[in-house]
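The primary structure of each chain is shown beneath.
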Amino acid sequence: MRAAARFFGLALFALAAAPLFGDVTLDDILKASGGTLAWEPDLGYGVITRGENILVFKPDMTWALLNYAEKVPTGELRRAPDGGILFSAAAARAVEAALAGNEDIRAPAPTGDIAAGAGRSSSVAASRIAAIVIDPGHGGKDPGTSHTHVFDGKTVDVVEKKITLKVALDLYAELKARYPGLKIVLTRTTDTYVSLEQRTIIANSVPLAPNEAMIFVSIHANASFDYGAKGYEAWYLPPTYSRDLIDPNSLGETTKELYPILNSMREEEYTIESVLLGKKILEGIQGVVKGAEIDRGLKEEPWFVVRNAKMPAVLVELGFVTNPEEARLLIDDAYLKKLATGLYNGISSFVSYFDSTSGFTE
Ligand SMILES: [Zn+2]
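A brief look at the structure comes next. This is a predicted model, so every value here is computed, not measured.

1. Description of the pattern of salt bridges
Within this structure, the stated rule accounts for eight salt bridges. Note that K161 and D191 form a salt bridge whose closest N and O atoms lie 3.1 Å from each other. Of this pair, K161 sits in helix α5 (residues 160-178) while D191 sits in the loop between β12 (183-186) and α6 (196-204); the two residues are 30 residues apart in sequence, bridging distant segments of the chain. On the basis of relative accessible area, K161 is assigned to the buried category, the value being 14%.

2. Considerations on the packing of helix α2 (residues 26-33) against helix α3 (residues 89-100)
Any two packed helices are characterised by how steeply their axes cross, that is the angle between the axes, and by the distance between the axes. The geometry of α2 relative to α3 is characterised by a closest axis approach of 10 Å and an angle of 35° between their N-to-C directions. Considering how the two elements wind past one another, α2 and α3 form a crossing that is right-handed. Across the interface between the two elements, I29, A32 and S33 of α2 pack against A92, V95, E96 and L99 of α3. Residues belonging to the contact of α2 with α3 are distributed by class as follows: five nonpolar, one polar and one charged.

3. Side note on the sheet that holds strand β7 (residues 78-79)
Read across the open sheet, the three strands follow the order β1-β8-β7; overall the sheet is antiparallel. Two strands lie at the open edges of the sheet, namely β1 (24-25) and β7, each paired on one side alone. Bridging between β7 and strand β8 (residues 85-87) involves two bridges; their strand directions are antiparallel. Looking across to β8, one finds that R78 is bridged to L86. The sheet strands contacting α3 are β1 and β8, and the helix crosses β8 at an angle near 90°.

4. Points about the sheet that holds strand β15 (residues 295-300)
Taken in spatial order, the six strands make up an open sheet running β12-β9-β13-β16-β14-β15, and their pairing is mixed. Where the open sheet ends on each side, the last strands, each with one partner, are β12 and β15. Here the average twist between neighbouring strands, direction ignored, is 20°. Looking at chain direction, strand β13 (residues 212-222) and strand β16 (residues 313-320) are connected through six bridges and run parallel. Residue S218 lies in a different strand from β16, and its bridge partner there is L315. In this fold helix α10 (residues 333-356) packs onto β9 (128-136), β13 and β16, with an angle of close to 155° to the strand it touches most, β9.

5. Points about α6
Where α6 is concerned, the buried positions are R199, T200 and A203. Here the buried residues of α6 occupy an arc of 95° about the axis, which is enough to place them on one side.

6. Re α10
The end-to-end C-alpha distance of α10 is 34 Å, a good match for the 34 Å that 24 residues give at a rise of 1.5 Å each. Of the residues that open α10, the one with a side-chain oxygen 3.0 Å from the backbone nitrogen of A334 is D332.

What counts, and at which threshold
- Residues numbered from 1 in each chain as written.
- Predicted model: local features only at pLDDT ≥ 70, side-chain atom pairs only at ≥ 80, totals over all residues.
- Heavy atoms only, no water.
- Salt bridge = Lys/Arg side-chain N within 4 Å of Asp/Glu carboxyl O.
- Helix = DSSP H or I, 4+ residues; strand = E, 2+ residues; numbered from the N terminus.
- Buried < 20%, exposed > 50% of the residue type's maximum accessible area, 1.4 Å probe, protein only.
- Axes fitted to C-alpha atoms, helices over the stretch in contact; angles between N-to-C directions.
- Left-handed = near helix turned anticlockwise from the far one by under 90°.
- Contact = heavy atoms within 4.5 Å.
- Nonpolar A, V, L, I, M, F, W, Y, C, P; charged D, E, K, R; others polar.
- Pairing = 2+ DSSP bridges.
- Arc of directions from axis to C-beta.
- Expected span 1.5 Å × (residues − 1).
- Polar contact = N/O pair within 3.5 Å; in protein donor to acceptor, adjacent residues only side chain to side chain.

Rendered as structure tokens:
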């Protein structure tokens, strides 16, 4: 609480010292600072980037967060009649100074040790994708979903665990060839059983440097009582599902009060990145299978594997083993290779985008 009192004291000081020019619009701040705004309407927060600096703000918070480590006091933000966001003159000055890297106007950083202690981070300025975890669903004693068809007079079992492994191995080979410097990790390479907990542990224990990020792609096949159902789709975790993404023990005593907000911001960031990754993967698959009519889209779901992976994560369902037409394709190696290329195209598009935006989705 002492840190909070000090913080409020400084915020009041900043307000008192500021010239009272009245309200400043977000547009004015962007013009003055040379920053670019990315607004996330669904999750209700904005991100201003300028050079290496990233400032996240939410209209209902009284401070913004600079580079995921430092508080910048903004006081209460208000809405203009046209819906735009208004900053006080003092808040505008603080935000502009923060984006410019001007030290003297910001509150002293009670949160400074978070930057070092926050563990894996995909949003610190200039972060890059360093690892890709590919998770072929099921395996060994767990076949996943399966369906028996009769094709051309022959009985054929179409089994999820075989489909996911083939596609994962093809995808691995393509990613490894394109990104020899990245860690490309498979949660299984053979027909073996790997529990969901083990998969999550494999993903979460890939070693990363502080500015390195990773993504997790779980590969599955679908089934339905409706044999007419077909198509591919992707899933991500809904943002309301709370995960502990930052280890509270890694934070200093004075910064523990910030834990919930940092955690939720990391959560929102991972959600945005997961949505983008999912969209790019679906586009990638659509590009190779040329079947817009069977793109079932991107959906929210609190999947176990995805839920516990502390990174942007997407689960892809390649198609329905229960649909006769699609099941034929899912046992065709050439089609599975196409799907792998579609996944590869989507993932590499995400990686290029992520790296070019210094790790934050615009
Ligand atoms: Zn599955």
